[in-house]
Each structure stands twice: as structure tokens, then as C-alpha cells.
Amino acid sequence: MIKLAIYGKGGIGKSTCTANLAAAFASLGKRVIQIGCDPKADSTINLLGGTPVTPVMDYMRDRDEEPTSIEEISQIGFGGILCIETGGPTPGLGCAGRGIITTFSLLEELELFEKFKPDVVLYDVLGDVVCGGFAAPIREGYADKVLIVTSGEKMALYAANNINKAVKNFEDRSYAKVRGIIMNRRAVENEEEKVRAFAESAGLDVAADIPRSADIIKYEDMGKTVIEGDPECETSKRFFDLAKKLIAEEEQDD
């Protein structure tokens, strides 16, 4: 099973990259779960035609009880992808990271992985602050590889460096390791040079180079990933290439 956590600065395009990568895996015949680990709960919306799934924390808060089945807190999206959102507390009340931990414990109780039997699990994680809750996917063994999304913007690279350091803190415990960087271009001056210089200094691979593309905006306005909207375009090909690379690596490891 490919177990991948995707981190990056807020607003850098983690959800776009995660959803398109999930769609690429599904289009290649893989059984996929995507779990959004952000209080905004918008990670999977473009896999669901623009209609959001009810977040786990919202379900529990509104009903004052835990769900008894996966179906109550999930929806099936494009390519058969099982979509789940952790959600978070009422704004200003409670810790968002705690919502992730609570959701993960619940998914274990409901035997999500045993019942769905995924080939790929993707965690889309807020990465500005890698606190205990946000670190759960890499710290508790849910994910074994991390991709960091960044552009050439100063604060995006700053966040990427912090995330890389945070993940390295767990390396000696056989937790997740950083697989590489997704360069999500923002048309910053000398962007490629800046990102590749950071990657080299951190000893990381640039696993994918995603162009700044009007196609992404066009299809997200329709509630779709670019993979669903135009699987033959250049942007889609970049996501397919990354998915194929990760599949090949997993098969080699096995």
C-alpha cells in the first residue's frame, strides 16, 4: 500500500495537488482513499463534483454521537475514490490538530483500511504548524512517505524547510520520510532556480514540476480535477508521471 502525506504552506495548492494525484492513481486502476486533514475540509471537493462531504468533526458535533459506519462520514468520488474530511472544531474553540487525532482513532475503530482495502492512501495535511495533531499522519505510522508542496515564494520555501526538519525529527523512529518536493509554480521570478537550490541544500528530490495552468482553475470552477476534465493536457501528464513513479517505487520496495 502507498501511504503518502502531503504537506505545505496554507494556500500553496496542497489540496489541488493531492486531489489530482488521487485522481491519477484512480485512473491508473488503483483503489484510493483521500483524507483531508484540515479544518477547512475542502481537500476532496473537486473529486465530488463540487459538493463537499460532511466532515467527521461536524458529524460528531451536530449529532453528539460517533458514526457507526464509514458510509456516514464518507462519499465516493471520481474514479471510485473514497473521500473523507476530518474537519475541525468551531472556529476559535478547540484544537484543530485534536480533530485529526480523534478522526484517525475513529477510522481505526470502524476498520476503514480492512474494509476498503486501498492500494493508495493520501493524507492532505495543513503544514504551517506541525503540531502533535498535524504530525499524526507521519508520527503514528499512517503514512510512510511525505511530499512537500512549495513554490518559489519565500514563505512557501520557509514552511517547506520547517516541515522537512519536523519530519526528520522522527526518522530515527522508523516513521515517515520525506520523499521529495512538488514544485507548484506561481510564476515567481527565478522560481525553478530557487526551488531546486532549496531541494539540493535539503538533499531532496523534486518529484514533480506542476506548471501554473489556467486548466486547473477552469476545471476547479466546475468542481473537477484537471485529471477528470482533461486527462491529456500537460498538467495532467505531470500528475500521471508522479503517480506512475510512486507506483514503480512501491513495487520495487515490495
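Preceding block: the structure.
Residues numbered from 1 in each chain as written. Predicted model: local features only at pLDDT ≥ 70, side-chain atom pairs only at ≥ 80, totals over all residues. Heavy atoms only, no water.

S.K.: Just to check I follow, could you spell out the overall build of the chain for this structure?
M.R.: Counting secondary structure elements, the chain contains 10 helices and eight strands. What you see for the chain is a C-alpha radius of gyration of 17 Å, in line with the 18 Å of a compact globule of 254 residues. With the C-alpha coordinates aligned to their principal axes, the bounding extent of the chain is approximately 50 × 40 × 40 Å. In the chain, which comprises 254 residues, the share counted as buried stands at 53%. Across the chain, contacts joining residues at least 24 apart in sequence account for 76% of those joining residues at least 6 apart. Between the centroid of the 30 positive side chains of the chain and the centroid of its 42 negative side chains there is a distance of 4 Å. (Helix = DSSP H or I, 4+ residues; strand = E, 2+ residues; numbered from the N terminus. Rg over C-alpha atoms; globule rule 2.2 N^0.38 Å. Buried < 20%, exposed > 50% of the residue type's maximum accessible area, 1.4 Å probe, protein only. Contact = heavy atoms within 4.5 Å. Lys, Arg positive; Asp, Glu negative; His and termini not counted. Charge placed at Lys NZ, Arg CZ, Asp CG, Glu CD.)

S.K.: How do you make sense of the sheet that holds strand S1 (residues 2-8) when you look at a structure like this?
M.R.: Strands in a sheet are paired, the pairing made by backbone hydrogen bonds, and the direction either parallel or antiparallel. The eight strands lie next to each other as S3-S4-S2-S5-S1-S6-S7-S8, forming an open sheet whose pairing is mixed. Of all strands in the sheet, those bounded by a partner on one side alone are strand S3 (75-76) and strand S8 (206-210). Here S1 pairs with strand S5 (residues 120-125) via five bridges, running parallel. Of the residues in S5, the one forming a bridge with Lys3 is Val121. Together, S1, strand S2 (32-37), S5, strand S6 (145-150) and strand S7 (177-184) form the strand contacts of helix H1 (residues 14-27), whose direction differs from that of S5 by roughly 170 degrees. Here helix H10 (residues 234-253) sits on the sheet in contact with S1, S6, S7 and S8, set at roughly 165 degrees to S8. (Pairing = 2+ DSSP bridges. Axes fitted to C-alpha atoms, helices over the stretch in contact; angles between N-to-C directions.)

S.K.: Please clarify how the nonpolar core should be interpreted in this entry.
M.R.: Note on soluble globular proteins: their nonpolar side chains tend to be buried together. In this structure, Ala5, Ile35, Phe104, Leu112, Tyr123, Ile138 and Val146 are the most contacted members of the largest nonpolar core, which totals 46 residues. Those residues in contact with Val146, other than ones at most four positions away along the chain, are Leu4, Ala5, Tyr7, Ile138, Val167, Ala176, Lys177, Val178, Arg179 and Gly180. Counting 38 residues, the second-largest nonpolar core is a separate cluster that includes Ala22, Val53, Leu122 and Leu242. (Core = buried A, V, L, I, M, F, W, Y, C linked by side-chain atoms within 4.5 Å.)

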